[in-house]
Amino acid sequence: MTDLLAKLYPAHLATLKQRSDAALARSGHDHLVIAAGRPRMQFLDDRPYPFAVNPHFKHWLPVTRAPGSWIVYTPGQRPKLVYLQPHDYWHVVPDAPAGYWVEHFDIAIIRDADEAKAHLPKDTARCAIIGEDNAALAGYVPNNPQVALNYLHWHRAYKTDYELGMLRVASKLGVRAHRAAEAAFRNGASEYDINTAYLNAVHETENELPYSNIIALNQHGAVLHYTDLNRAPPTHSNSLVIDAGASFHGYAADITRSYASKQASEFQALVDAVDSAQKGFVEKVQNGTNYADLHVRAHHVLAGILRDQGFIRMSAEAAVASGVSSVFFPHGLGHPIGLQVHDVGGFQKDESGGTIAKPPGHPYLRMTRTLEPRMVVTIEPGLYFIDLLLAELKAKPEARDIAWDKVEHFRQYGGIRIEDDVACTDSAPENLTREAFAAA
Ligand code: GLY
Ligand code: MN
Ligand code: MN
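Keep in mind it's a predicted model, so treat the numbers as computed, not measured.

*Asks:* Can you tell me about the coordination of the manganese ion (ligand 3), naming the residues and giving the values?
*Replies:* Taken together, Asp-243 (OD), Asp-243 (OD), Asp-254 (OD) and Glu-419 (OE) make up the protein donors of the manganese ion (ligand 3), found 2.1 to 2.4 Å from the metal. Geometry at the manganese ion (ligand 3) is irregular, judged from its 6 donor atoms and the angles of 57 to 168 degrees they form at the metal. Written as a sequence motif, the donor arrangement for the manganese ion (ligand 3) is D-x10-D-x164-E. The distance between the manganese ion (ligand 3) and the manganese ion (ligand 2) is 3.3 Å, with Asp-254 acting as a donor to both metals. Residue Asp-243 is located in strand S7 (residues 239-248), and its partner Glu-419 is located in the loop between strand S13 (415-417) and strand S14 (420-423); the two are separated by 176 residues in the primary sequence. For the pair formed by Asp-243 and Glu-419, the shared burial category is buried.

*Asks:* Which residues make up the pairing of strand S6 (residues 214-217), and what values do they have?
*Replies:* Of the two faces of S6, the one holding Ile-214 and Ala-216 and the one holding Ile-215 and Leu-217 are both buried throughout. Examined bridge by bridge, S6 and S7 share 4 bridges and lie antiparallel to one another. What sits directly across from Leu-217, in S7, is Leu-240.

*Asks:* Provide a residue-level description of the pattern of salt bridges, including the pertinent values.
*Replies:* In the structure shown here, the tally under the stated rule is 19 salt bridges. In this structure, Arg-257 and Asp-420 form a salt bridge, with 2.8 Å as the shortest nitrogen-oxygen distance. Taken as a pair, Arg-257 in strand S8 (residues 251-260) and Asp-420 in strand S14 lie far apart in primary sequence, 163 residues in all. Neither Arg-257 nor Asp-420 differs from the other in exposure class; each is buried.

*Asks:* Pulling in residues and values, what's your account of helix H5 (residues 191-202)?
*Replies:* Helix length check: H5, at 12 residues, gives a terminal C-alpha distance of 16 Å against a target of 16 Å (1.5 Å per residue), a fit within 8%. Among the residues making up H5, those that are buried are Glu-191, Ile-194, Asn-195, Tyr-198, Leu-199, Ala-201 and Val-202. All buried residues of H5 lie within an arc of 165 degrees about the axis, which places them on one face of the element. Following H5 by one or two positions, His-203 adopts a phi angle in the positive range, close to 60 degrees.

*Asks:* I'd like a rundown of the side chain of Ser-69, residues and numbers included.
*Replies:* With respect to the secondary-structure elements, Ser-69 resides in the loop between helix H2 (55-60) and strand S2 (70-73). We classify Ser-69 as buried; its relative accessible area is 0%.

*Asks:* Would you mind going over the packing of aromatic side chains in detail, with residue names and values included?
*Replies:* Tallied over the full model, the rule gives 14 aromatic pairs. When the ring of Phe-267 is compared with that of Tyr-413, the centres are 4.6 Å apart and the planes differ by 20 degrees; the resulting orientation is stacked. Placement of Phe-267 in helix H6 (residues 265-283) and of Tyr-413 in the loop between helix H11 (404-410) and S13 is noted, with a sequence separation of 146 residues between them. A single burial state applies to Phe-267 and to Tyr-413, both of which are buried. In this structure an aromatic cluster arises from ring pairing among Phe-267, Phe-311, Phe-328, Phe-385, Phe-410 and Tyr-413. In this arrangement the basic side chain of Lys-394 is found over the ring face of Trp-404, its NZ or CZ atom lying 4.7 Å from the centre.

*Asks:* Tell me about the nonpolar core, and please be specific about residues and values.
*Replies:* Counting 65 residues, the largest nonpolar core has Phe-57, Trp-60, Leu-61, Phe-105 and Ile-194 as its most contacted members. Broken down by element, the residue count for this core peaks at 12 residues, all from helix H4 (residues 161-186). Setting aside chain neighbours within four positions, we find Trp-60 in contact with Tyr-9, Leu-13, Leu-16, Lys-17, Ser-20, Leu-32, Ile-34, Ile-71, Tyr-73, Pro-79 and Phe-105. Formed by 57 residues, the second largest nonpolar core is a distinct cluster that contains Ile-312, Leu-365, Met-367 and Ile-379.

*Asks:* Which residues make up the site of ligand 1, and what values go with them?
*Replies:* The local shell around ligand 1 consists of Tyr-211, Asp-243, Asp-254, His-335, His-342, Glu-380 and Glu-419. Between ligand 1 and His-335, the relevant distance is 3.1 Å, taken from an oxygen atom to a side-chain nitrogen or oxygen of the residue. Within the contact set of ligand 1, an oxygen atom lies 3.2 Å away from a side-chain nitrogen or oxygen of Glu-419. For ligand 1, whose free accessible area comes to 200 Å², the fraction covered by protein is 92%. Of the residues assigned to the shell around ligand 1, the class counts are 1 nonpolar, 2 polar and 4 charged.

*Asks:* Explain the sheet that holds strand S1 (residues 31-35) residue by residue, including any values.
*Replies:* Reading across the sheet, the 5 strands line up as S4-S3-S2-S1-S5 and stay open at both edges, with mixed pairing between neighbours. Strands with a single pairing partner mark the edges of an open sheet, and in this sheet they are strand S4 (106-110) and strand S5 (127-130). Along the sheet, successive strands turn relative to each other by an average axial angle of 15 degrees, direction set aside. One ladder, built from 4 bridges, connects S1 with S2; its direction is antiparallel. Considered in S2, the bridge of Ala-35 is made with Trp-70. Across the sheet, helix H1 (residues 2-27) is in contact with S1, S2 and S5; its angle to S2 comes to roughly 75 degrees.

Here is what the cut-offs are and how they apply
- Residues numbered from 1 in each chain as written.
- Chains lettered and ligands numbered in written order.
- Predicted model: local features only at pLDDT ≥ 70, side-chain atom pairs only at ≥ 80, totals over all residues.
- Heavy atoms only, no water.
- Donors = N, O, S within 2.8 Å, 3.2 Å for Na, K, Ca; no water.
- Tetrahedral: all angles 85-135°; square planar, octahedral: opposite > 155°, others 65-115°.
- Helix = DSSP H or I, 4+ residues; strand = E, 2+ residues; numbered from the N terminus.
- Buried < 20%, exposed > 50% of the residue type's maximum accessible area, 1.4 Å probe, protein only.
- Pairing = 2+ DSSP bridges.
- Salt bridge = Lys/Arg side-chain N within 4 Å of Asp/Glu carboxyl O.
- Expected span 1.5 Å × (residues − 1).
- Arc of directions from axis to C-beta.
- Phe/Tyr/Trp six-rings, centres within 6.5 Å; stacked < 30°, edge-to-face > 60°.
- Lys NZ or Arg CZ within 6 Å of the ring centre and 35° of its normal.
- Core = buried A, V, L, I, M, F, W, Y, C linked by side-chain atoms within 4.5 Å.
- Contact = heavy atoms within 4.5 Å.
- Near = heavy atom within 4 Å.
- Polar contact = N/O pair within 3.5 Å; in protein donor to acceptor, adjacent residues only side chain to side chain.
- Areas by Shrake-Rupley, 256 points an atom, 1.4 Å probe, with all protein chains shown as cover.
- Nonpolar A, V, L, I, M, F, W, Y, C, P; charged D, E, K, R; others polar.
- Axes fitted to C-alpha atoms, helices over the stretch in contact; angles between N-to-C directions.

None of this, on its own, says anything about what the molecule does.
Structure (structure tokens):
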């Protein structure tokens, strides 16, 4: 894999240079200066929060643990890495730069964060400085020019071959851990122990993961972002929603599976229906598909499942028009993914900025762009039995067309979500997640 990445890296870097040239021309700057960032301290304490590197920084390099470092790119010149390796006997000092990317950079090692200034362009007014406010050095305050960011964020949606390679590996890691977690579920493990099985298999610390694992047994599956990890196993584990990812050099996998116990065949039937609907949505990850349209289409398909399986008595059309489908599917179909699990630029109108509005009534959708080759998105439909939303529905006229006994009975299972990471190509979509499951 490293060999392949090494081969793909020069073209990736060339793409980043081209994009940066264009972004700087638009914003009227001469230098792109990217701060890796600095750890943030907890209030009244000397404990840092986990460090999360600036995604712009890890776009250039497979380096995620380099607080205090900087990248400088000036069009026409080799990029420069100003790399902080402090004299520090309290903490682990970042490793010396090594690997396939090193030969493409001029590298200056510094021992103190402030020393970076000596290696940054002198004319600070000519710098587009990308970073968080706490990365600022005297004279070098991140200005994050919106014009440049819009351009970079728009184009970040189109993954290079190198990035697709990174995302494939992240998916493989995640899938390996999902299989271990499923086995733990089938053995009756607690949420906490399923999480431990996951972590052991993914071989990443919780801070390295792209987001906090969601491991929800039984009715906990109704909490979309359930992150408690109950220590005690329930008497019967009849359902599991596991939404857990993996990182590879800062690229994310975002994977959700829903399982039913052998005893819960009625719930398995609903899982199977969502699974087959999900595969249908994945098929639509094609050049020219508008993602917001796909989201609305998903509402119709999921409402059809609710009707076919006897949860609602109205037509799918009526369920969507009245908002009933949103009671059972109250989140977006998915989002762009890459350097961030919820990657940037999902609503952007074009490379200059702007916003493509979400369809009315769908406030949680995270992607409204039209799909094109090299975009990678998640497809994550779900159906849930959420007390809060069901109580609201009970007070509405549509309540008469709901089979409340059946809904009530399914509350014990919480919900279902099935999520794959899918690359749009010139032809058939590449399902990174299912291909990893098939290969595992
Ligand atoms: N894991 C968060 C999400 O699926 O978007
Ligand atoms: Mn997701
Ligand atoms: Mn997810």
